Amino acid sequence: MGLLVLGAVGLVVVKAVVLKMLPFDNKSEFQVVVDMPEGSTLERTNRLLGAGGGG
């Protein structure tokens, strides 16, 4: 069993296997970027964002 573990670790050392534990930036949030036309009012932007139709 020990040889199998050493063999598995050896694959990582020689980069035969990529080792990745967590994403680079592990956050529980995301951003939504809305590109509105220049001069759009805050009310129009809020209306657009509120019209997501979620549910």
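As a starting point, this report considers the structure included with it.

**Quick look at the overall build of the chain**
1) Next: Within the chain, the secondary structure is distributed over two helices and zero strands.
2) Next: Burial analysis of the chain (55 residues in total) assigns 2% to the buried set.

**Points about helix 1 (residues 2–13)**
1) Next: With twelve residues, helix 1 extends 16 Å between its outermost C-alpha atoms, agreeing within 8% with the 16 Å of an ideal straight helix rising 1.5 Å per residue.
2) Next: Lys15 sits one or two positions beyond helix 1 and adopts a positive phi of about 60 degrees.

**Section: a nonpolar patch on the surface**
1) Next: Together, Met1, Leu4, Val5, Val9, Leu11, Val12, Val13, Val14, Val17, Leu19 and Met21 make up an exposed nonpolar region whose accessible area comes to about 1,200 Å².
2) Next: Positionally, Leu4 belongs in helix 1.

Calculation criteria
- Residues numbered from 1 in each chain as written.
- Predicted model: local features only at pLDDT ≥ 70, side-chain atom pairs only at ≥ 80, totals over all residues.
- Heavy atoms only, no water.
- Helix = DSSP H or I, 4+ residues; strand = E, 2+ residues; numbered from the N terminus.
- Buried < 20%, exposed > 50% of the residue type's maximum accessible area, 1.4 Å probe, protein only.
- Expected span 1.5 Å × (residues − 1).
- Patch = residues over 30% accessible without salt bridge, like charges linked within 9 Å, V, L, I, M, F, W, Y side chains within 5 Å.
- Areas by Shrake-Rupley, 256 points an atom, 1.4 Å probe, with all protein chains shown as cover.
- Salt bridge = Lys/Arg side-chain N within 4 Å of Asp/Glu carboxyl O.

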